[in-house]
Amino acid sequence: MPSRPRPLVAGNWKMNGLLASLAELVAIRDGVAEGRAGEAEVVICPPATLIALANDVRGTVGIGGQDCHPALAGAHTGDLSAEMLADLGATYVIVGHSERRADHSESDTLVRAKAQAAWRAGLSAIVCLGETREQRDAGLTIELVGRQLQDSVPDGATTTNLVIAYEPVWAIGTGLTPTTRDVAEVHAFIREKLVARFGEAGAAIRVLYGGSVKPDNAAELMAVPNVDGALVGGASLEAKDFLAIAGVYA
Ligand SMILES: O=C(CO)COP(=O)(O)O
């Protein structure tokens, strides 16, 4: 059996953060340097406007983008290539976040192309999956997550180029979370599929839980089998809360 993967606690700042917000990253950096995240790897995904400056102050905190275009370069106004993110110091990029899937009608095929672009640029792709409330109520969670996993993740995944984030859409920004039993069921299913497809690597690819992770529920959620860390939205905007979550691994 491969050893347990190093946990990853990633913060997704979404469309939040002005120059002054770098002070929170500095506080996170200092907390991590003091050992407050323990064994966990810590990554912050600020808005793209802050990536270069974030990279200057990040310490051992990794920096990630929140999206990338599949193409290397070209006539795609407003978009950013994975190479541009890497050029600024990013080592991760989130692809297929449910807000991108919803706001920009992103399909699994497009998400897969984005993950491939991330790999082309040497970035690790954090591929997001998750069901809506209606899908859960209809008993479609496993089927939906299975399809997203199959179609959004390219062939050739390794422990270093891929992270999966299971983020039930109805748990994002709502303060609601699935039961630990439900989290365990979905994560065990994702693990089984990763192993079936990627063999030994699949056993060690990190599978994060995301959706209303807060300091008061992080320990319970992170203790669920096959949960290898968290993708944190709102609670990553304040260093105090984010460090309290990462502190589960200290
Ligand atoms: O979408 C998320 C992270 O990508 C989760 O957001 P919240 O932690 O704000 O629910």
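The structure displayed is predicted, hence computed values, not measured ones.

What to know about the side chain of R101
Okay, so step 1: By secondary structure assignment, the location of R101 is in helix α4 (residues 98–103).
Okay, so step 2: At 2.6 Å, the side chain of R101 forms a polar contact with the side chain of D108.
Okay, so step 3: Within the structure, R101 has its side chain in polar contact with the backbone oxygen of C128 (distance 3.0 Å).
Okay, so step 4: Not counting the four nearest positions on each side in its chain, R101 is found in contact with G96, E106, D108, V111, C128, L129, Q148 and S152.

A few points about the site of the ligand
Okay, so step 1: Near the ligand, the surroundings consist of 13 residues, among which K14, H97, G173, S212 and G234 are the closest.
Okay, so step 2: At a separation of 3.0 Å, an oxygen atom of the ligand approaches a polar side-chain atom of N12.
Okay, so step 3: Between the ligand and G233, the relevant distance is 2.9 Å, taken from an oxygen atom to a main-chain nitrogen or oxygen of the residue.
Okay, so step 4: Out of a free accessible area of 310 Å², the ligand has 97% covered by protein chains.
Okay, so step 5: Broken down by class, the residue content of the shell around the ligand amounts to four nonpolar, seven polar and two charged.

Quick word on helix α1 (residues 22–33)
Okay, so step 1: Between the first and last C-alpha of α1 there are 16 Å, a value that for 12 residues agrees with the 16 Å anticipated at 1.5 Å per step.
Okay, so step 2: Buried residues of α1: L22, L25, I28, G31 and V32, and no others.
Okay, so step 3: Note on α1: the residue one or two positions beyond its end, G35, has a positive phi of about 90°.

Some thoughts on the environment of V93
Okay, so step 1: Turning to its location among the elements, V93 is positioned in strand β4 (residues 92–95).
Okay, so step 2: Sequence spacing of V93 and D67 is 26 residues, and the spatial spacing of their C-alpha atoms is 6.1 Å.
Okay, so step 3: Not counting residues up to four positions away in its chain, the partners in contact with V93 are G65, Q66, D67, C68, L85, A118, L123, S124, A125 and I126.

How each quantity is defined
- Residues numbered from 1 in each chain as written.
- Predicted model: local features only at pLDDT ≥ 70, side-chain atom pairs only at ≥ 80, totals over all residues.
- Heavy atoms only, no water.
- Helix = DSSP H or I, 4+ residues; strand = E, 2+ residues; numbered from the N terminus.
- Polar contact = N/O pair within 3.5 Å; in protein donor to acceptor, adjacent residues only side chain to side chain.
- Contact = heavy atoms within 4.5 Å.
- Near = heavy atom within 4 Å.
- Areas by Shrake-Rupley, 256 points an atom, 1.4 Å probe, with all protein chains shown as cover.
- Nonpolar A, V, L, I, M, F, W, Y, C, P; charged D, E, K, R; others polar.
- Expected span 1.5 Å × (residues − 1).
- Buried < 20%, exposed > 50% of the residue type's maximum accessible area, 1.4 Å probe, protein only.

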